[in-house]
Amino acid sequence: MKKNLLAIIIVALQIVNIALTAVLMIQVIKMNSTTLPVVASVASHLNIKTGDETQTADVAVSLEDTDVKEIAKQMKISLKVGEGEKAVHMVCDVSLLLNKNHEDYAKYSENFGTYETLIKDAISSVVSKHTEAECKSDMDGLKDEILKAIQEDVFNSDFVYKVAISEAVFG
């Protein structure tokens, strides 16, 4: 009789535990849905990426307002050597997409060729910090890093709004 009574008490406590867990989860979900807009608002004011934004949403430049400048054909960049790996190079074509309507476009586009060495240096310094596996797995992240380096270090402007890497070969 004691064993049956003890089993009934254990089952009752488990049911109460499940009910309280369900109530707790409902409250957490409710609080999350109300605090998420506040966090997103604060993050946007502080220029912090929350992870739900995309780079293409930030820049909307039509194809008619785009000027494509080819930087390098068959640019060869040494990659970071991972543990147990041999030296690897990435060979790729790199082009920059420029916003023709940006205020800095006229200032830099006339003599764009003079900045080519600085641009190649920025590209090389970013890419050489990554291993082959990192480059292959996150090419979009690599393009974003290169874009940021060009915008901040070379031109100090965001009239270059996208980096295009094509025909990337590793070896």
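Here the structure is shown first, and the text comes after it.
All of these numbers come straight from a predicted model, not from anything done at the bench.

Definitions and cut-offs
Residues numbered from 1 in each chain as written. Predicted model: local features only at pLDDT ≥ 70, side-chain atom pairs only at ≥ 80, totals over all residues. Heavy atoms only, no water. Core = buried A, V, L, I, M, F, W, Y, C linked by side-chain atoms within 4.5 Å. Buried < 20%, exposed > 50% of the residue type's maximum accessible area, 1.4 Å probe, protein only. Helix = DSSP H or I, 4+ residues; strand = E, 2+ residues; numbered from the N terminus. Contact = heavy atoms within 4.5 Å. Salt bridge = Lys/Arg side-chain N within 4 Å of Asp/Glu carboxyl O. Polar contact = N/O pair within 3.5 Å; in protein donor to acceptor, adjacent residues only side chain to side chain. Phe/Tyr/Trp six-rings, centres within 6.5 Å; stacked < 30°, edge-to-face > 60°. Pairing = 2+ DSSP bridges. Axes fitted to C-alpha atoms, helices over the stretch in contact; angles between N-to-C directions. Expected span 1.5 Å × (residues − 1). Bend = angle between axes of the 7 residues up to and from the residue.

### Here's the deal with the nonpolar core
Item 1. With 33 residues, the main nonpolar core has Ile123 and Ile150 as its most contacted residues.
Item 2. For this core, the elements supplying multiple residues, two or more each, are strand 1 (66–78), strand 2 (89–99), helix 3 (105–109), helix 4 (116–127), helix 6 (139–155) and strand 3 (160–170).
Item 3. For this core, the element with the highest residue contribution is helix 6, accounting for eight residues.
Item 4. Here Ile123 is in contact with Ile71, Met75, Ile77, Val94, Ile146 and Ile150, once residues within four sequence places are set aside.

### Thoughts on the pattern of salt bridges
Item 1. Tallied over the full model, the rule gives four salt bridges.
Item 2. A salt bridge links Asp67 to Lys69; its shortest N-O distance comes to 3.6 Å.
Item 3. By relative accessible area, Lys69 is classed as partly exposed at 22%.

### A few points about the side chain of Ser157
Item 1. Relative to the helices and strands, Ser157 is located in the loop between helix 6 and strand 3.
Item 2. Within the structure, the side chain of Ser157 is placed 2.6 Å from the side chain of Asp104, a separation counted as a polar contact.
Item 3. Not counting residues up to four positions away in its chain, the partners in contact with Ser157 are His102, Asp104, Tyr108 and Gln151.

### Observations regarding the packing of aromatic side chains
Item 1. Throughout the structure, instances matching the rule amount to six aromatic pairs.
Item 2. Measuring from ring centre to ring centre gives 5.6 Å for Tyr108 and Tyr115, while their planes differ by 75°; the resulting arrangement is edge-to-face.
Item 3. Judged by its relative accessible area of 11%, Tyr108 is buried.
Item 4. On the basis of relative accessible area, Tyr115 is assigned to the partly exposed category, the value being 21%.
Item 5. Consider the rings of Phe112 and Phe155, whose centres lie 5.7 Å apart with planes at 15°: the pair is stacked. Placement of Phe112 in the loop between helix 3 and helix 4 and of Phe155 in helix 6 is noted, with a sequence separation of 43 residues between them.

### Describing unusual backbone geometry
Item 1. For Gln74, which is not a glycine, the phi torsion comes out positive at approximately 55°.
Item 2. The topology assignment puts Gln74 in strand 1.
Item 3. Look at Asn156: it is not a glycine, yet its phi comes out positive at around 55°.
Item 4. Structurally, the position occupied by Asn156 is in the loop between helix 6 and strand 3.
Item 5. Look at Asn156 and you get exposed, because its relative accessible area is 67%.

### Thoughts on the sheet that holds strand 3
Item 1. Taken together, the three strands give an open sheet; going across it, the order is 1-2-3, and neighbouring strands pair in antiparallel fashion. In this open sheet, the two strands that pair with only one neighbour each are strand 1 and strand 3. Each adjacent strand pair in this sheet contributes to an overall mean axis angle of 20°, direction not counted.
Item 2. Sheet contacts for helix 4: strand 1 and strand 2; angle to strand 1, the most-contacted strand, approximately 55°.
Item 3. Along the sheet, helix 6 makes contact with strand 2 and strand 3, crossing strand 3 at roughly 130°.

### A few points about helix 1 (residues 2–45)
Item 1. For helix 1, built from 44 residues, the straight-helix expectation of 64 Å at 1.5 Å per residue is met to within 8% by its first-to-last C-alpha distance of 64 Å.
Item 2. Of all the bends found along helix 1, the most pronounced is centred on Thr35 and spans about 30°, while Pro37, a proline, follows it within four residues.

### A look at the side chain of His130
Item 1. In this fold, His130 is placed in the loop between helix 4 and helix 5 (132–137).
Item 2. Residue His130 is classed as buried on the basis of its relative accessible area, which comes to 15%.
Item 3. Engagement of the side chain of His130 in a polar contact is seen with the side chain of Glu134, the distance being 3.2 Å.
Item 4. Each residue touching His130, except ones within four places of it in the same chain, is listed here: Leu79, Lys80, Cys135, Leu142 and Glu145.

In short, the description is geometric, and any link to function would need to be established separately.
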